[in-house]
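Below, each chain spelled out in residue letters.
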Amino acid sequence: MPAHHRIQKLIQTAQAVFAKSSSSTSSSSSSSSSSSSTQARRPRLVNADGQPGLKNLIELVDGMTAQDLGLDRSPSLQSPVSMSAIRAGSMGASGAPITYIDIFEDPTVSIGIFIIHTGQCIPLHNHPEMTGILKCLHGQIDLISYTNLSGEDLNRVKVPSDLDPECRLWLRQGLVFPTRREIARGISPQSPPCCLSPVEGNYHELHSVGGPAAFLDILSPPYSQSNGSPHSEEEDEESRRDCDFFDVLMRGPLAAQDPSISWLQFMDPPPDYFCYREDYLGPPVNF
Ligand SMILES: [Fe+2]
C-alpha cells in the first residue's frame, strides 16, 4: 500500500477504534483500578486480543516508517545546518529541545511526531484519562513510566508518622502521591508500538539516546485546547485534560520509606522545556 494510503488508513482506523471505545472508557477506567494488580507491570503493547480494530491500528502504526511520514525531509532532524539556524533563533525556535509535527487532530484523536533532540528529554508528565500509542521512527529512546497505585497496592502504603506538616498537606491535596516505577524500556524503529493506558504507565518521560530521536504519537482523546477550542466550552474543570509535570521525590521520609515506591510530586512546567513546531512534510491527509 502506498504511503499516502497508509497514513490515511491509519487516521481512519484510529478515529473508528477510539470513537467506539470512548463510550465505554468511563466504565472501564472506573473498574480498572481493581484489576490493575493483575495486569502487566510495565508499558506494553496494547492488548488487542479480541479487539480486531485495535489490533489493526497497532499493525498500521507498527508499519509506519520515518520516510512514510516525510521525516527524512524534516529540517530539524535531518539538517545540522538548519538546526544550527534554529538554535541561533533565526528560525524562531530559540533552541527548543523538542520539535512537534502535527499530522492530524479532531475531538477523538491527535496524531503527530515528536522529535527529541540530542541529549534532550520530554520531562515526566501525564496523559490524564487518555490512551497513548507511540512508535519510535528514528534513533533510540529511553521510556520511563510510572503507574498510580490503587486498590491493595495503595492500602499497603505506609505514611511515616514524622512527616512534616507541609508534606502531609500535599499528600491530602493529592499533590504528592505514590506510584510504581515500571521497567525502563529502550525503544528503536525495530521495536513494536508501546501503549500508555489511562491506568498503566500514564506518568512517563522520554529521553533521546546517542543522538536525536523521533516517535509517532497517537493520543485519544487529545489534550484539551487552551483557548478558543470548539470543545473547551463544553468542558468543566473536572473533565479538562491538561498536561501536568511531575518530579520524583528523591529524599525525605517518604522517599526513604519503601524503595519499591516512587513518590511523584506535581511541579511547574520546566522553564527550559518547550516545543518548536515544524510543518508536516509527509503525504497529504484529506478530511
Ligand atoms: Fe506523553
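Predicted model, so just to flag it, every value in this text is computed and none were measured. (Residues numbered from 1 in each chain as written. Predicted model: local features only at pLDDT ≥ 70, side-chain atom pairs only at ≥ 80, totals over all residues.)

## Comments concerning the overall build of the protein
Next, step 1: When helices and strands are tallied, the protein shows seven helices and eleven strands.
Next, step 2: Burial statistics for the protein: of 287 residues in total, 33% are counted as buried.
Next, step 3: In the protein, once contacts between residues fewer than 6 apart in sequence are set aside, the share between residues at least 24 apart is 81%. (Helix = DSSP H or I, 4+ residues; strand = E, 2+ residues; numbered from the N terminus. Buried ≥ 20, exposed ≤ 12 C-beta atoms within 10 Å, placed from the backbone. Contact = placed C-beta atoms within 7 Å.)

## Describing the environment of Trp263
Next, step 1: Its place among the elements puts Trp263 in strand E10 (residues 262-267).
Next, step 2: Through-space distance from the C-alpha of Trp263 to that of Met250 is 8.3 Å; in sequence the pair is 13 residues apart.
Next, step 3: Every residue in contact with Trp263, bar those within four places of it in the chain, is listed here: Val176, Pro178, Leu249, Leu254 and Ala255.

## Remarks on helix H6 (residues 165-172)
Next, step 1: Of all the eight residues making up H6, zero are buried; the element is thus mostly uncovered.
Next, step 2: Just downstream of H6 lies Gly174, where phi reads positive at about 75°.

## Comments concerning helix H2 (residues 52-62)
Next, step 1: Taken together, the buried positions of H2 are Leu54, Leu57, Ile58, Leu60 and Val61. In an axial view of H2, the angular spread of the buried residues amounts to 160°, which keeps them on one side of the axis. (Arc of directions from axis to C-beta.)

## Re the nonpolar core
Next, step 1: Counting 46 residues, the largest nonpolar core has Ala14, Val61, Leu137, Ala214 and Leu216 as the members making the most contacts within it.
Next, step 2: Broken down by secondary-structure element, the contributors of at least two residues to this core are helix H1 (3-35), H2, strand E1 (98-105), strand E2 (110-116), strand E4 (131-148), strand E7 (194-196) and strand E8 (203-220).
Next, step 3: Leaving out residues up to four positions away in the same chain, Leu137 has contacts with Met64, Thr65, Ala66, Leu69, Leu71, Ile113, Pro189, Ala214, Phe215 and Leu216.
Next, step 4: Among the nonpolar cores identified, the runner-up in size contains nine residues, and Leu124, Tyr146, Phe177 and Leu254 belong to it. (Core = buried A, V, L, I, M, F, W, Y, C linked by C-beta atoms within 7 Å.)

## Considerations on the environment of Val109
Next, step 1: Tracing the backbone through its elements, the reader meets Val109 in the loop between E1 and E2.
Next, step 2: In this structure the C-alpha to C-alpha distance between Val109 and Pro221, which are 112 residues apart in sequence, comes to 5.2 Å.
Next, step 3: For Val109, the residues in contact, after removing those within four places along its chain, are Ala14, Gln15, Phe18, Ile218, Leu219, Ser220 and Pro222.

## Observations regarding the pairing of E1
Next, step 1: Pairing of E1 with E2 involves seven bridges; the strand directions are antiparallel. Counterpart to Glu105 in the pairing with E2 is Ser110.
Next, step 2: Linking two consecutive strands that pair antiparallel, namely E1 and E2, is a turn of four residues.
Next, step 3: Bridge count for E1 against strand E11 (residues 275-278) is four bridges, and the pairing is parallel. Bridge assignment links Ile101 to a residue of E11, and that residue is Glu278. (Pairing = 2+ DSSP bridges.)

## A closer look at the environment of Asp62
Next, step 1: Positionally, Asp62 belongs in helix H2.
Next, step 2: On a C-alpha basis, the gap between Asp62 and Gln190 in space is 8.9 Å, while along the polypeptide they are 128 residues apart.

## Topic: the confidence of the model for the protein
Next, step 1: In this model, the protein carries a mean pLDDT of 82, and residues with pLDDT of at least 70 account for 78%.
Next, step 2: Considering each helix and strand of the protein separately, the mean pLDDT is smallest for helix H4 (residues 80-87), with a value of 57, and largest for strand E9 (residues 245-248), with 96.
Next, step 3: When the criterion is pLDDT under 50, residues 24-46 qualifies, and its contacts beyond four places in sequence or with other chains add up to 35 contacts. (pLDDT = per-residue confidence, 0-100.)

## Remarks on unusual backbone geometry
Only a minority of non-glycine residues have a phi that is not negative, and only a minority of peptide bonds are not trans.
Next, step 1: Residue Pro221 follows Ser220 across a cis peptide bond; omega there is -15°.
Next, step 2: Positionally, Pro221 belongs in the loop between E8 and E9.
Next, step 3: Of note, the phi angle at Glu129 is positive, near 60°, even though the residue is not glycine.
Next, step 4: Tracing the backbone shows Glu129 in the loop between strand E3 (121-126) and E4.

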